[in-house]
Amino acid sequence: MSRHALDLAPFRGLRYAAPDVDRFIDDGSDVSRLLAPPYDIPDAQEARELQRSDPHNAARVTLPFELTRESHPRYRTAAALLRRWVRNGVLAQDPDPALYVYEQITPDGTHQRGLIGALDLSSPVRPHEDVAEAPVQDRFRLMRATRANLEPIFLLYRGGGGAASRAAQDLPRQPLFTARAGDGSQHSLWALTCPATIAEIRADLAGRSALIADGHHRYAAYRKLHHTEPDPIWHRGLAMLVDSETHPPHLGAIHRVLPGAGTGPLLERARSVARVDPVPTLTPEIEGPGVVLAAPDGSAHLVHGFDEQTLTTHSPDRSARWRHLPTSVLHQVLLPLWGVAEEQVRMVHDSPEGAVAAAHNDNGTAVIVPSLSVNEVYAVADRGELTPRKSTSFGPKPRTGLVMRLLDRPPEEPWSTEPSAHTPP
């Protein structure tokens, strides 16, 4: 395989044991009770609720508690728990290496299929979003401690109906399992083990490239492990690859909440660089870059019509397309104007109403950010630029716990003597 080929290799998936998995579930429900959203979606309370929902929920290893900055025992705790689940038969590796086909059907009927495999980290993969060091370090430490990829990153590629895309559609056999999550979404998994099929898929992918839809921090952690750990097992990372032409992803927005920030003063300062107009809805039609500021009382104002010279002055080394992204305007122009540091900003995925409710609770202001299109994201990434952090919310995101990648040759560590997993308060 060429060093610069997009390469997704088969691996022996680590999965909740079947058909005996029900004996590990309190109420006899299906495997969906053990699944969790990606690690960065639940807030602290939601994470605790997931952990309480079942003693074997995947969030117990992807979101371990007991953080101590000096020694980070929570990562060792997660590693010990994962190995205990393997020893006790809660999790088991499939006997044969496979590429997995993962199908998601959301409650609104959105249908997505992708291939899950071990991504060669020399593959041509383009990020589209900047990252922060703290979450990269968090995932790096967790992967290194567990010697596992616990959840796949989400990649897009232009498949053009090639062999890889066809393999994800032509699935006559029954899936390994189908589970319905609490939100009504359905999740199914198949294993492709035929060497000829896998060879066709890898040959088709070899001439393509991929775009990171979700998992920038995990990908950066993969790269960090690849460059800092001498063992070749770190040369790959778990990834789900979706043909965006066959299954166009949903691209939602990530709204902001500015705790304690009064809406009136923010609007007054914004008038020095843009037009400010009252609007009757949180999601008006916007021409050009702009955001909506929403007060806790429900009033909303559109901030738009930025002067081109202002945008250029604040981002002189960026392309015009990048400068016109709503998150670029927000992070490069408005937040500095308002004196708000990025670490003070809270994120709310998808729901404008949820952002307004959070602003009310925080006695602050919600910033409703328009969503980007897939083509806008591709265009920015094709230029080698990165959007500001949390510019996109691609979906549907893969559920955590469907299939994991346990790295071979575990270190000789006394897993059995590690402390038991901490039960969240």
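Our subject is the structure listed above.
These figures come from a predicted structure and were not determined experimentally.

> Looking at this structure, how should I read helix α6 (residues 195–205)?
One turn of the α-helix equals 3.6 residues, which is why residues spaced by three or four share an orientation. Buried residues of α6: Ile198, Ile201, Asp204 and Leu205, and no others. Projected down its long axis, α6 carries its buried residues within an arc of 130 degrees, all on one side. Exposed side of α6, more than 90 degrees from the buried face: Pro195 and Ala203 are the residues found there.

> Explain the pairing of strand β14 (residues 254–258) to me, please; I cannot follow it from the model alone.
For a regular strand, side chains alternate in direction, first toward one face of the sheet and then toward the other. With respect to burial, β14 is a largely interior element, five of its five residues being buried. By the alternation rule, side chains of β14 split into Ile254, Arg256 and Leu258 and His255 and Val257, which are all buried. Strand direction decides the pairing type here: β14 and strand β19 (residues 365–368), joined by three bridges, are antiparallel. Counted as the bridge partner of Val257 is Ala366 from β19.

> Sorry if this is basic, but what is going on with the pattern of salt bridges here?
Any two side chains of opposite charge can pair if their charged atoms end up close together. Counted according to the given criterion, the structure contains 20 salt bridges. Here the residues in one salt-bridge network are Asp7, Asp120, Arg202 and Arg236, joined through shared partners.

> Any chance you could explain helix α4 (residues 133–146) here in plain terms?
Helix length check: α4 (14 residues) gives 20 Å between terminal C-alpha atoms against 20 Å at 1.5 Å per residue, within 8%. Among the residues making up α4, those that are buried are Val136, Gln137, Asp138, Arg139, Phe140, Leu142, Met143, Ala145 and Thr146. The inward-facing, buried residues of α4 contact α2 (59–62), α3 (73–87), β7 (148–149), α7 (216–228) and β21 (405–406).

> Help me understand the packing of aromatic side chains in this model?
How two aromatic rings sit relative to each other is given by the distance of their centres and the angle of their planes. Considering all chains together, one arrives at two aromatic pairs under this definition. Between Tyr16 and Trp85, the aromatic rings sit 6.4 Å apart at their centres with planes inclined by 45 degrees, giving tilted as the arrangement. In this pair, Tyr16 is assigned in strand β2 (residues 14–16) and Trp85 in helix α3, connecting sequence segments 69 residues apart. Comparing Tyr16 with Trp85 shows no difference in burial state: the two are buried. Across from the ring centre of Tyr378, 3.8 Å away, lies the NZ or CZ of Arg158, which sits over that ring. One cation-aromatic arrangement involves Arg318 over Trp322; the distance from NZ or CZ to the ring centre is 4.2 Å.

> What's the story with the sheet that holds β19 in this structure? I'm lost.
In a beta sheet, neighbouring strands are held together by backbone hydrogen bonds and run either parallel or antiparallel to one another. Reading across the sheet, the six strands line up as β15-β17-β16-β19-β14-β18 and stay open at both edges, with antiparallel pairing between neighbours. This sheet does not close on itself; its edge strands, each paired only once, are β15 (275–279) and β18 (346–349). In this sheet, adjacent strand axes meet at a mean angle of 30 degrees when their direction is disregarded. This element, helix α12 (residues 352–361), spans β14, β16 (290–294), β18 and β19 of the sheet and lies at about 160 degrees to β19.

> What am I meant to see in the environment of Ala294 here?
Tracing the sequence through the fold places Ala294 in strand β16. Judged by its relative accessible area of 1%, Ala294 falls in the buried class. A sequence separation of 289 residues divides Ala294 from Ala5, and the C-alpha atoms of the two residues are 46 Å apart.

> Looking at this structure, I do not really get the environment of Ala261. What am I missing?
Take Ala261: it is sitting in the loop between β14 and α8 (263–270). When the C-alpha positions of Ala261 and Pro124 are compared, they lie 42 Å apart, and in sequence the two are 137 residues distant. If near-sequence neighbours (up to four positions away) are discounted, Ala261 is found in contact with Leu266, Asn363, Gly364 and Thr365.

> What is the right way to look at the side chain of Arg126 in this model?
With respect to the secondary-structure elements, Arg126 resides in strand β6 (residues 125–126). In contact with Arg126, other than residues within four places in its own chain, are Arg158, Ser209, Ala210, Leu211, Ile212, Tyr378, Ala381 and Asp382.

> Would you take a moment to explain the nonpolar core for this structure?
When a protein is soluble and globular, its nonpolar side chains tend to lie buried together. Ranked by internal contacts, the top residues of the largest apolar core, which has 83 residues, are Leu119 and Leu155. Broken down by element, the residue count for this core peaks at six residues, all from α3. Beyond its immediate sequence surroundings of up to four residues, Leu119 is in contact with Leu6, Asp7, Leu8, Val125, Ile153, Leu155, Tyr219, His235, Arg236, Gly237 and Ala239. The next biggest cluster of nonpolar side chains, apart from the first, holds 23 residues, and it includes Ala270, Val276, Val291 and Val303.

> Help me out: how do you make sense of unusual backbone geometry in this one?
The phi torsion of most residues other than glycine is negative, and most of the peptide bonds are trans. For the bond from Gly395 to Pro396, the omega torsion is 0 degrees, close enough to zero to count as cis. Topologically, Pro396 is positioned in the loop between β20 (393–395) and β21. A positive phi angle is found at Asn363, which is not glycine, with a value near 50 degrees. Here Asn363 lies in the loop between α12 and β19. Positive phi, close to 55 degrees, is recorded for Lys390, a residue that is not glycine. Take Lys390: it is sitting in the loop between α13 (374–382) and β20.

Parameters and conventions
Residues numbered from 1 in each chain as written. Predicted model: local features only at pLDDT ≥ 70, side-chain atom pairs only at ≥ 80, totals over all residues. Heavy atoms only, no water. Buried < 20%, exposed > 50% of the residue type's maximum accessible area, 1.4 Å probe, protein only. Helix = DSSP H or I, 4+ residues; strand = E, 2+ residues; numbered from the N terminus. Arc of directions from axis to C-beta. Pairing = 2+ DSSP bridges. Salt bridge = Lys/Arg side-chain N within 4 Å of Asp/Glu carboxyl O. Expected span 1.5 Å × (residues − 1). Contact = heavy atoms within 4.5 Å. Phe/Tyr/Trp six-rings, centres within 6.5 Å; stacked < 30°, edge-to-face > 60°. Lys NZ or Arg CZ within 6 Å of the ring centre and 35° of its normal. Axes fitted to C-alpha atoms, helices over the stretch in contact; angles between N-to-C directions. Core = buried A, V, L, I, M, F, W, Y, C linked by side-chain atoms within 4.5 Å.

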